[in-house]
Amino acid sequence: MRIWRIGVVALLVAGASAADAQTRLGADIESGLPWHVAALQGASWSLECRFRPVVYEASAYNREAWANRIAQTGRGSGGGRLPSDNGSCTVTKTGGRGAVAIAMIKNGESQVAVTTDPAKPAAVGFF
């Protein structure tokens, strides 16, 4: 019985640690790392970014939404910000003739990756 209690306490502590590790953003969900996709000659792309979990206010009725990834598609150039100061993004070329590039900047350091092959996504990140 004592081993069962120790196991339950360990699970509760681990769960509390994971919940405490989430950053609470409120309604400010674009305050983190900037990303930018550049696509030449009408190329289209899909983007997937992952980051440490955040809790944000999605609406006045949903103040505890949780996220650890964003996904987006586009054609030509596009940009945005992650909700935190860490993360990685992968861009995949989905069509068109030109190359597709992804860039991120953190503390004056930049990372850039380019792909022309839909089977080989380009990835950058800061963790």
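Everything that follows concerns the structure shown earlier in this document.
Reference entry: report on the structure contained in this document. No experiment lies behind these values; they were computed from the predicted model shown.

Here we come to the pattern of salt bridges. Summed over the entire model, instances satisfying the criterion amount to two salt bridges. Here Arg50 ties to Glu48 by a salt bridge, and the two come within 2.9 Å at their closest N and O atoms. A salt bridge links Glu48 to Arg69; the shortest N-O distance between them is 3.5 Å. Pair noted here: Glu48 is in strand β3 (residues 44–56) and Arg69 is in strand β4 (residues 65–75), with a separation of 21 residues, a long-range link. On the basis of relative accessible area, Glu48 is assigned to the partly exposed category, the value being 30%. Because the salt bridges share partners, they merge into one network encompassing Glu48, Arg50 and Arg69.

Across all of its chains, the model carries one disulfide by this definition. Between the sulfur atoms of Cys49 and its disulfide mate Cys89 the distance is 2.0 Å. Across the S-S bond of Cys49 and Cys89 the torsion is about 110°, and the bridge reads as right-handed. Within this pair, whereas Cys49 is found in strand β3, its partner Cys89 is found in strand β6 (residues 87–95), the two being separated by 40 residues in sequence. Using a relative accessible area of 0% as the deciding quantity, one classes Cys49 as buried. Assessed through its relative accessible area of 0%, Cys89 is described here as buried.

Reading the values: rules and limits
Residues numbered from 1 in each chain as written. Predicted model: local features only at pLDDT ≥ 70, side-chain atom pairs only at ≥ 80, totals over all residues. Heavy atoms only, no water. Salt bridge = Lys/Arg side-chain N within 4 Å of Asp/Glu carboxyl O. Helix = DSSP H or I, 4+ residues; strand = E, 2+ residues; numbered from the N terminus. Buried < 20%, exposed > 50% of the residue type's maximum accessible area, 1.4 Å probe, protein only. Disulfide = S-S within 2.5 Å.

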